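Results of the structural survey
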Amino acid sequence: MKIMLIDDDENIRMTVRHLMEKDGYEFCSALDGSEVFAMLEAERPDLLILDVMLPGVNGFDLCREIREARYQMPVIFLSAKGDIVDKSIGFRAGADDYLVKPFTPLELSLRVEAVLRRYQSEPEESCLERRDVARFGELEIFFNRYEARIQGRKVELTSKEFEILALMAAHPGQVFTRQQILEHIWGKHNDSDVNTITVFIRKIREKIEPNPARPRYIQTVWRVGYKFYE
């Protein structure tokens, strides 16, 4: 398996390279965001470690671009304590875990192992791999393309909005709690508030529902959670 690091600190790159290669992984790295997409295409890493503060770009924004480009490898953010305003920003950007500098080599090794294990142990459960397309009235969901359409017109969804929609659309009629949706999208070990899901649901409804005040597709199950149109 291959680990990719994006960090402009040479000491960090050397430390992580030594650690990952000692753990039996292949390793590649880049200094800044300008090299990311070319390297992703060429190297096809199994996990990305991404610094929050990079020259000329914010790691959160770069992670969003990576997710919107449909790269789905897990992402672990590295951040100095002073960078942390709200960890939920990182998770909303598409991160799977968050590690604060300075970190111990053992902690990074364990987090890499845990994130990879989670991704490897649940491939058959991914709603994006169950089928290519689902149609519900005027709504079409193309799972493998990360795309939704209403009456043939593309809906502009973020990667996380699409993943929530796809999760529910792959299981019509099943009720999901906000905690279940949160864990599916960001993993079981995260610091995000479940109220984040309420905000995401509202934004999705505004984009796909004919009348968001009376939703047809994503329905509220009072005091439990949400379910997709049957």
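If you're wondering where the values come from, they're calculated on a predicted model, not measured in any experiment.

Cut-offs and rules
Residues numbered from 1 in each chain as written. Predicted model: local features only at pLDDT ≥ 70, side-chain atom pairs only at ≥ 80, totals over all residues. Heavy atoms only, no water. Salt bridge = Lys/Arg side-chain N within 4 Å of Asp/Glu carboxyl O. Helix = DSSP H or I, 4+ residues; strand = E, 2+ residues; numbered from the N terminus. Buried < 20%, exposed > 50% of the residue type's maximum accessible area, 1.4 Å probe, protein only. Pairing = 2+ DSSP bridges.

**A few points about the pattern of salt bridges**
Proximity of charged atoms lets side chains of opposite charge pair with each other. Tallied over the full model, the rule gives 16 salt bridges. Ionic pairing is found between Arg17 and Glu21, a salt bridge with its closest N-O pair at 3.0 Å. Of this pair, Arg17 and Glu21 both sit in helix α1 (residues 10–22), four residues apart, roughly one helical turn. When its relative accessible area of 34% is taken as the criterion, Arg17 is described as partly exposed. The class for Glu21 is partly exposed, based on a relative accessible area of 42%. With a closest N to O distance of 3.1 Å, Asp96 and Arg67 form a salt bridge. Linking Asp96 in the loop between α4 (87–93) and β7 (97–101) with Arg67 in helix α3 (residues 59–68), this pair joins segments that are 29 residues apart in sequence. With relative accessibility at 1%, the residue Arg67 sits in the buried group. One salt-bridge network, in which partners are shared between bridges, spans Asp7, Asp51 and Lys101.

**Some details on the environment of Phe200**
As for its placement among the helices and strands, Phe200 is situated in helix α8 (residues 195–208). Separated by 40 residues in sequence, Phe200 and Lys160 have C-alpha atoms that sit 8.3 Å apart.

**Thoughts on the sheet that holds strand β14 (residues 225–228)**
Ordered in space as β12-β14-β13, the three strands form an open sheet in which the pairing is antiparallel. Among the strands making up the open sheet, the edge pair consists of β12 (175–176) and β13 (218–221). Relative to β14, β13 is paired through four bridges, and the arrangement is antiparallel. Within β14, the residue paired with Val221 across the bridge is Gly225.

None of this, on its own, says anything about what the molecule does.
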